[in-house]
Amino acid sequence: MNVLNFIEAFFSDSAHWKGYDGIPTRLLEHIGYSLMALGIAAAIGLPVGLLTGHTGRGGNTLALIATAARALPSFGLLVLLFVLLGLGLAPVMIPLVVLAVPPILVTTYEAMRSVDPAPVDAARGMGMHEAEVLFRVELPVALPLILSGLRSAAIQIVSTATIAAYVSFGGLGRYIVDGLYQRDYEKVVGGATLVALLALATLGLFWTVARLTVSPGVRRGA
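Residues numbered from 1 in each chain as written. Predicted model: local features only at pLDDT ≥ 70, side-chain atom pairs only at ≥ 80, totals over all residues. Heavy atoms only, no water.

S.K.: Go over the side chain of Ser 74 with me, naming the residues and quoting the values.
M.R.: The topology assignment puts Ser 74 in helix 4 (residues 74-85). Setting aside residues no more than four positions away along its own chain, Ser 74 makes contact with Pro 95, Leu 99, Thr 160 and Ile 163. (Helix = DSSP H or I, 4+ residues; strand = E, 2+ residues; numbered from the N terminus. Contact = heavy atoms within 4.5 Å.)

As structure tokens, then:
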């Protein structure tokens, strides 16, 4: 059987659409892990990136942290944390958050630093406080690049959250891990296809968010 036959067989099997191992259940689990990891990473990366980008300080430190975080293998970190912490959600979340923070942090910093200084200086000259300058002048202009960092992080998380299955959690990785163990390549290919489709859906979601939140003038300028 070729890959298309495996895909057709997987999705046409009614057993894959119901029960605790059904596609809806595994998909919701995968989305849940991904949203949790992205939320934690954004809560860390966005404030730090906005503050350092606004002040212009700490750029070299951010680059060093991002490089070090990107060098950590997610699966290796998962195994190490599983040995240290035991069974739980923390060994799954930590590698995903470590993976997602660097693109959010660095892109947010670069987005803030790329804002034209002229309107920023004008805002300060009009007596705006630094918080007003940040949120009313810099952030709207930097938003497209910030969203691109969040999008990159989200896609990496969606693609990597399959590692949860290696420590007995659910998600779409369950099909890949169980399929390899059972030599059920239909299940392996089906799980990989679902992950790819979810990544494409994530791209579409961020495109929609950008269309709804980014000012038309900023989009044309970008």
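S.K.: I'd like a description of helix 5 (residues 90-113), backed by residues and values.
M.R.: Across its 24 residues, helix 5 extends 34 Å between first and last C-alpha, which sits within 8% of the 34 Å expected from 1.5 Å per residue. By the largest-angle criterion, Val 101 marks the main kink of helix 5, which is about 25°, and a proline, Pro 102, follows within four residues. (Expected span 1.5 Å × (residues − 1). Bend = angle between axes of the 7 residues up to and from the residue.)

S.K.: Requested: an account of helix 2 (residues 23-55), with residues and values cited.
M.R.: Across its 33 residues, helix 2 extends 47 Å between first and last C-alpha, which sits within 8% of the 48 Å expected from 1.5 Å per residue. The largest bend in helix 2 amounts to roughly 30° and is located at Ala 42. Of the residues flanking the end of helix 2, it is Gly 56, one or two places downstream, whose phi is positive at about 80°.

S.K.: Break down the packing of aromatic side chains for me, with residues and values.
M.R.: Counted under the stated rule, the structure contains four aromatic pairs. Relative to Trp 17, the ring of Phe 11 lies with its centre 6.3 Å away and its plane at 45°, an arrangement referred to as tilted. Note on Phe 11: relative accessible area 25%, which makes it partly exposed. Its relative accessible area of 44% is what places Trp 17 among the partly exposed residues. (Phe/Tyr/Trp six-rings, centres within 6.5 Å; stacked < 30°, edge-to-face > 60°. Buried < 20%, exposed > 50% of the residue type's maximum accessible area, 1.4 Å probe, protein only.)

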